[in-house]
Amino acid sequence: KEHHLPFEEVLAKRRAHIGPNTTLNYRKPLHIVRGEGCHLYDADGVEYLDCVNNVAHVGHCNSKVVSAISKQLATLNTNCRYLHEGLCTYAEALTATFPEPLSVTYFVNSGSEANDLALRIASCAAPGATHVAIMAGAYHGHTKAIIDLSPYKYDGPGGEGQQPHVHVLPCPDPYRGEHLDGRKAAKAAIAEAHADGGRICAFFCESVLSCGGQIILPERYLEEVYEEMRAEGALCVADEVQCGFGRHGSHFWAFEEQRVVPDVVTLGKPIGNGFPMGAVVLSPKHAKTFSAMEYFNTYGGCTAAGAAGMAVLKVLQEERLQEHAHRVGEYLLSKLAPIKQECDCIGDIRGSGLMLGVEVVQSTESKKPAPAAAAHIKEAMLRHRVLMTVDGPHANVLKLKPPMVFAEPDADRMLAVLKQVLQEGIPQAVLEADTAWEPALPVRELRKLQLQGQHAAQKQHGGNCDTAP
Ligand code: PMP
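Per chain, residue numbering runs from 1 following the sequence as it is written. Local features are withheld for residues below a pLDDT of 70 in this predicted model, meaning they are given only at 70 or higher, and side-chain atom pairs are given and counted only at 80 or more; totals for whole chains, interfaces and linings count all residues.

UniProt positions are given in the numbering used here, feature names are shortened, and annotations may be inferred rather than shown by experiment. Taken from UniProt, the Sequence similarities (unreviewed entry) comment for the protein reads in full: "Belongs to the class-III pyridoxal-phosphate-dependent aminotransferase family."

(A) Summary view of the overall build of the protein. Numbering of helices and strands runs from the N terminus; a helix is a DSSP stretch of H or I covering at least four residues, while a strand is a stretch of E covering at least two. When helices and strands are tallied, the protein shows 15 helices and 17 strands. For the protein, the C-alpha radius of gyration of 22 Å lies close to 23 Å, the compact-globule estimate for 469 residues. Dimensions along the principal axes, computed over C-alpha positions, put the protein at roughly 60 × 60 × 45 Å. Relative to its full complement of 469 residues, the protein shows a buried share of 52%. Here contacts are defined at the residue level, using C-beta atoms placed from the backbone and a cut-off of 7 Å between them. The contacts of the protein with a sequence gap of at least 6 include a subset with a gap of at least 24, amounting to 75%. Between the two quantities, the radius of gyration covers C-alpha atoms and the globule rule is 2.2 Å times the number of residues to the power 0.38. Partly exposed residues are those whose C-beta has more than 12 but fewer than 20 other C-beta atoms within 10 Å; 20 or more makes a residue buried and 12 or fewer makes it exposed, with C-beta atoms placed from the backbone.

(B) Structural detail: the domain arrangement of the protein. According to the domain assignment, the protein consists of domain 1 (7–58 + 320–461) and domain 2 (63–318). Between the C-alpha centres of domain 1 and domain 2 there is a distance of 25 Å. If you look at the interface, domain 1 gives 35 residues, while domain 2 gives 32 residues. Of all the elements in the fold, those that place two or more residues in the side of domain 1 that touches domain 2 are helix 11 (321–342), strand 13 (346–352), strand 14 (355–360), strand 17 (397–400) and helix 15 (443–461). Among the elements that take part in the side of domain 1 that touches domain 2, helix 15 stands out by supplying seven residues, more than any other. For the side of domain 1 that touches domain 2, the per-class residue count stands at 13 nonpolar, 13 polar and nine charged. For the purposes of this description, domain bounds are those given by an automatic or database domain assignment. Charged residues are taken to be Asp, Glu, Lys and Arg, nonpolar residues to be Ala, Val, Leu, Ile, Met, Phe, Trp, Tyr, Cys and Pro, and polar residues to be all remaining types, Gly included.

(C) Focus on the packing of helix 12 (residues 371–383) against helix 13 (residues 408–424). In contact at an axis separation of 10 Å, helix 12 and helix 13 are set at 120° when each is read in the N-to-C sense. The pairing of helix 12 with helix 13 is recorded here as oblique in orientation. Considering only the axes of helix 12 and helix 13, their crossing is right-handed. Only Val417, Leu418 and Val421 of helix 13 make contact with helix 12, whose side of the interface consists of Ile377, Ala380 and Met381. Class assignment of the residues belonging to the contact of helix 12 with helix 13 gives a composition of six nonpolar, no polar and no charged. As a rule, the C-alpha atoms of each element are fitted with a line to give its axis, helices using only the stretch in contact, and angles between N-to-C directions run from 0 to 180 degrees. Orientation labels follow simple angle bins: below 35 degrees gives roughly parallel, above 145 gives roughly antiparallel, 65 to 115 gives roughly perpendicular, and whatever is left gives oblique. By convention the crossing between two helices is left-handed if the near helix lies anticlockwise of the far one by an angle smaller than a right angle, and right-handed if it lies clockwise.

(D) Spatial organisation of helix 8 (residues 221–231). Residues Tyr221, Leu222, Glu224, Val225, Tyr226, Glu228 and Met229 constitute the buried set of helix 8. In this structure, the buried side of helix 8 is in contact with strand 5 (131–135), helix 7 (182–195), strand 7 (200–206) and strand 10 (235–239).

(E) Summary view of the environment of valine 430. Here valine 430 shows up in helix 14 (residues 428–431). Here the alpha-carbon distance between valine 430 and histidine 376, two residues 54 residues apart in the chain, equals 7.8 Å. Sequence-distant contacts of valine 430, that is, excluding residues within four places in its chain, are made with Ala372, Ala373 and His376.

(F) Structural view of the sheet that holds strand 1 (residues 32–36). At least two bridges found by DSSP between two strands is the condition for calling them paired. In space, the four strands of this open sheet follow the order 1-2-3-15, with mixed pairing throughout. Of all strands in the sheet, those bounded by a partner on one side alone are strand 1 and strand 15 (386–387). Judged from the three bridges that link them, strand 2 (residues 39–42) and strand 3 (residues 47–50) form a sheet pairing that is antiparallel. What sits directly across from tyrosine 41, in strand 3, is glutamate 47.

(G) A look at the sheet that holds strand 13. Overall, antiparallel pairing links the four strands, which are arranged 13-14-17-16 in an open sheet. The strands lining the two open edges of the sheet, one partner per strand, are strand 13 and strand 16 (389–391). For this sheet the average axis-to-axis angle between neighbouring strands, irrespective of direction, equals 30°. Bridge count between strand 13 and strand 14: six bridges; the pairing is antiparallel. From the neighbouring strand, isoleucine 346 faces strand 14, where its bridge partner is valine 360. Strands in contact with helix 11 are strand 13, strand 14 and strand 17; relative to strand 13, the strand with the most contacts, it is inclined by about 170°.

(H) Representation of unusual backbone geometry within the structure. Residue proline 101 follows glutamate 100 across a cis peptide bond; omega there is 5°. Following the sequence through the fold, proline 101 ends up in the loop between helix 3 (85–95) and strand 4 (104–108). Phi at phenylalanine 245 takes a positive value of approximately 60°, unusual for a residue other than glycine. Here phenylalanine 245 lies in the loop between strand 10 and strand 11 (264–267). Residue phenylalanine 245 is classed as buried on the basis of its C-beta count, with 28 C-beta atoms lying within 10 Å.

(I) Region of interest: helix 7. Here, expected helix span is obtained from the residue count minus one, scaled by 1.5 Å. Between the first and last C-alpha of helix 7 there are 20 Å, a value that for 14 residues agrees with the 20 Å anticipated at 1.5 Å per step. For helix 7, the complete set of buried residues consists of Gly182, Ala185, Ala186, Ala189, Ile190 and Ala193. Projected down its long axis, helix 7 shows its buried positions confined to an angular sector of 130°, all on one face. The exposed residues of helix 7 that point more than 90 degrees off its buried face are Ala191 and Ala195. On the buried face of helix 7, the contacting elements are strand 5, strand 6 (166–169), strand 7 and helix 8. Glycine 197, located one to two residues past helix 7, shows a positive phi value of around 80°. Working definition: the arc comes from the directions between the helix axis and the C-beta atoms, pointing outward to the latter.

Right, dumping it as structure tokens:
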């Protein structure tokens, strides 16, 4: 057995030397030392089923990806100022997965950088327009400019709130039948910008609202918003950081399900299976508009990133993981349906492919979110060694977004544990814990209250809560 430092010692080092607001998952954090496929192993050799990690897309430590990166690192790793066939072949293969006219790539190091760059590209395409439209509850990244486009963060503790140049479309809630009209929402955002004397240069939206609680947008939603935004002269940016690369199951890119072609697509997380990289994909026309200033990024598009990206694409294609995600997703939805029927605290099950959400409510009649119950389920599933995460504006949606190699037996194991936890019952006090919930209370106020609650719990338990997308 490999030797590892004791849990307490690692925790002490972390507390002393890593920024205190760099959060850990779970009340008692896990000391994970190894990963394989959709399984993680802690320092004591205990195995966990990972239903959360959407970065280890083709499986933790996928041997083909590891070997491609290692080989490249041992041969050459430099910035992209030299001609290298690996990176160019990868850019060609990556853009081949997109509809016309999206054929040009800029390589970056993360999803945040991709969105930051997308904002700059939009500013160049619409000179003088400085306002931006986004979706409520969104998270697009951690740079200063992008935090301002992330109500998920700016409305939470330490956030500076909504900036005057930002206009927020309400999050569609198909389960409660609210905010389904994209055109109305887009028109309102544009009118708000005009009333402030501004113009919108970009509309950012995840093609499936992951931080919004795994929301599949209503039919034609993006089509209608895009029409309005384009009439305003704004670029439409699809954030595919979480939902892209086949996770949606029915399509390789989730925006395809909405039958739109964005102006700019931003990529991250799964693109390198954990190798830190990201990309922005756009048309030659918009790339040209952006080209006045030289683009350079020391690590973005480095030789090793090209190898990582290519290996991920190859595995996805060779192992037909998009089709696999579609099949396993359908299987999960079909097995979750009877669980929902039996349990009054499961309000909605939704999603597509391996991007599913289970919404926990106080009762199916009231549809009141039950965040404490969702947290309870997550913690109880940990005791059965199944890792889940909770998200959404009311922090009451259990999210399933496992590595794409997650198969039917893994689904059965997760479902059996979920069923057992629900059968064990959720104390009524926990179910009704969030008395702050009021339909009229703005989401942002609610999120603040919940985060404050979570932070209090974190202090109390010494561990941490799960607020990371
Ligand atoms: N967009 C979305 C939808 C995300 O979920 C994230 C990360 N959670 C980002 C952008 C930012 O990506 P990164 O953390 O790689 O900067």
